[in-house]
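Listed here are the chains, written in short residue letters.
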Amino acid sequence: MWTPVGRGRWHGRALTVWATSAAHRGLLEPRLTPSRGAAAKSRTADRLYSSADRKEKIDMSRFSVENIRNFSIIAHVDHGKSTLADRLLELTGTIDKTKNNKQVLDKLQVERERGITVKAQTASLFYNCEGKQYLLNLIDTPGHVDFSYEVSRSLSACQGVLLVVDANEGIQAQTVANFFLAFEAQLSVIPVINKIDLKNADPARVEKQIEKVFDIPSDECIKISAKLGTNVERVLQAVIERIPPPKVHRKNPLKALVFDSTFDQYRGVIANVALFDGVVSKGDKIISAHTKKTYEVNEVGVLNPNEQPTHKLYAGQVGYLIAGMKDVTEAQIGDTLYLPKQPVEPLPGFKSAKPMVFAGMYPIDQSEYNNLKSAVEKLTINDSSVTVHRDSSLALGAGWRLGFLGLLHMEVFNQRLEQEYNASVILTTPTVPYKAVLSSAKLIKEYREKEITIINPAQFPDKSKVTEYLEPVILGTIITPDEYTGKVMMLCQARRAVQKNMMYIDQNRVMLKYLFPLNEIVVDFYDSLKSLSSGYASFDYEDAGYQTADLVKMDILLNGNLVEELVTIVHKDKAHTVGKAICERLKDSLPRQLFEIAIQAAIGSKIIARETVKAYRKNVLAKCYGGDITRKMKLLKRQAEGKKKLRKIGNIEVPKDAFIKVLRTQPDK
């Protein structure tokens, strides 16, 4: 007897499949294919969710608050933070022991290429100690001064830190800065002296430095070699003994802090959260204190170091949360999440990052504007310290003026745009934010404030409109071997710096503190410092407000016509040097014309530097073989008159590649 066993579609037509027996039905049933749309949907769903469903979910309720430790690893660049994190992951069985375990938590391509940590990464470790199961939430942080915002954010989710110091190099500038970040947050500090296996390692000297600079007794220091795994077990024991458990209450309403987030094109925003109170589970409705929108939690879990879904997350734990936030503006770092009908006092969040460097960013081709806009929005979710302002230029088209925390931050952002979103951009020379105090009540009414901030040099107000200009200053800390002290001081004085302090941290290392104008260090100061100290000096800085400065707006003229894109703000004493450098760069970049081009740097009506691009010249004397000199003079005079006329009516169009060469980030020669 024929019986229908299923329905399907073939070439768009509905079909019914029939079979005569159970055996035939068994053969035919697996071959049934649903409609093409349904099949595509099911394949997409499988790809999105099967990986999460296949993982065995961990029961997080077995970790009581007393058995949780949240800590960060902080250090100067290249002192072995990521290597120590690798060993801790191996010791706790989070990852298998192999020779390939290098920078496991550094997931970005730019991090692996440069060998530095750019993004703070979280990992939850499960560790047995004296019969108790502990949950250790580790956050590996960046070491470079440009990413100190990442460090300060990470510390908000911690109760203690491991301060790693290189046994060979000793305390460096960023070690000092990171220690004080932890100290101000009132966290427990465990000093760890790393790289004791090196031939020139001197742990005893470093112990004395730590005692002198940080006032931490030398017997609290743990000497390890993260590369070889020597003594790393003691670090885990110290974390359990010296770092307190989080002070939280699981019975209180949910209060979760979003301290980081990433964007996934399939699942939307993945938020890294630290739970201060309550419990969150899949299916819960949550509200964002920032947007007041309600979301449904699709998935919660811990990073182990990859995503590991769990049934619930409890107060005191650090994990990730996916709640269907599809718009890049919804994931505000520093936001507080809570349950409906149980509103809570929002957590203080984070002090917004203050940009130190501004640069123009434009697509190489204007047709790529929308793609680049989408890429910038998605990348700023992951890197919330970048500020974005719309901007446009006659030569380069529509773009943005982006604010960064430093030059390396700018380079890394550009590299991530290229690698992760395949976007090529033009980045202009970095500038710093200046301020101007307006003089008249009419202008104050027009701008709606007395003190205006200038991030685009083209908007720099005239001297007649202001009472004074202000430039940003920073307090720089330089740690250098004492044999380079004289050279370092000369470099600082050449950059208009004022010495504030000088202290010997041991017999042969000096810590210098200087007040620098920010625009003097923003481009090439770090490179100059490293080259004159053979790479031994280290540099760190912090914001120190604004000071009055004698600033001028320098225009670049081509045959008397102003080129708006090349306007720069400089200190009056440096105007001639900078103007000459830009004129020389333009001379090399501009194509020659049939007439002469005068490239001038001007302050107001005063020309301070000039270069000339010579005209192409036809040899009009080629047909004169001998003969009277007056004949030759007549031909040359006629040619000169023609050139003069051409120069009057000739229009200089600066080609885009010439702009790119001049504006592209490069230190002054």
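These lines cover the structure that appears in this document, whether it is placed above or below. Computed from a predicted structure; not experimentally measured.

So, how was this worked out
- Residues numbered from 1 in each chain as written.
- Predicted model: local features only at pLDDT ≥ 70, side-chain atom pairs only at ≥ 80, totals over all residues.
- Heavy atoms only, no water.
- Helix = DSSP H or I, 4+ residues; strand = E, 2+ residues; numbered from the N terminus.
- Contact = heavy atoms within 4.5 Å.
- Salt bridge = Lys/Arg side-chain N within 4 Å of Asp/Glu carboxyl O.
- Buried < 20%, exposed > 50% of the residue type's maximum accessible area, 1.4 Å probe, protein only.
- Pairing = 2+ DSSP bridges.
- Axes fitted to C-alpha atoms, helices over the stretch in contact; angles between N-to-C directions.
- 1 Å grid on protein atoms, 1.4 Å probe; cavity = no way out; pocket = protein on both sides within 12 Å on 5 of 7 lines; lining within 4 Å.
- Points joined across faces, edges and corners; volume = space filled by probe spheres on them.

Looking at the element boundaries, Asp482 is found in the loop between strand S25 (466–481) and helix H12 (485–494). Expressed as a C-alpha distance, the spacing of Asp482 and Met511, which sit 29 residues apart in the sequence, is 9.2 Å. In this structure, Asp482 is in contact with Tyr504, Gln507, Asn508 and Val510, ignoring residues within four places of it in sequence.

Now for the pattern of salt bridges. Going through the model one piece at a time under the given rule, you end up with 16 salt bridges. Note that Arg205 is salt-bridged to Asp202, the shortest N-O span being 3.6 Å. A relative accessible area of 19% means that Arg205 is categorised as buried. Residue class for Asp202 comes out partly exposed when judged on its relative accessible area of 30%. In this structure, Lys435 and Glu451 form a salt bridge, with 3.6 Å as the shortest nitrogen-oxygen distance. In this pair, Lys435 is assigned in strand S23 (residues 434–438) and Glu451 in strand S24 (residues 451–454), connecting sequence segments 16 residues apart. A relative accessible area of 37% places Glu451 in the partly exposed class. Each member of the salt-bridge network shares a partner with another, and the members are Glu471, Arg496, Glu520 and Lys574.

Here the focus is the sheet that holds strand S3 (residues 68–75). One open sheet accounts for six strands, arranged S4-S5-S3-S6-S7-S8; its pairing is mixed. Where the open sheet ends on each side, the last strands, each with one partner, are strand S4 (121–129) and strand S8 (222–223). Pairing geometry for S4 and strand S5 (residues 132–140), over nine bridges, is antiparallel. Residue Phe126 lies in a different strand from S5, and its bridge partner there is Leu135. Here helix H3 (residues 81–91) sits on the sheet in contact with S3, S4, S5 and strand S6 (160–166), set at roughly 150 degrees to S3. Sitting on the sheet, helix H8 (residues 232–242) touches S3, S4, S5, S6, strand S7 (188–194) and S8, and the angle it makes with S7 is about 170 degrees.

What follows is about empty space enclosed by the protein. In the structure shown here, the tally under the stated rule is five cavities of 30 Å³ or more. Its volume calculated, the largest cavity comes out at about 70 Å³. Together, Val118, Lys119, Asp146, Phe147, Tyr149, Glu150, Arg153, Asp383, Ser385, Leu405, His409 and Arg416 line the largest cavity. Taken together, the elements giving at least two residues each to the lining of the largest cavity come down to helix H5 (148–155) and helix H10 (407–421).

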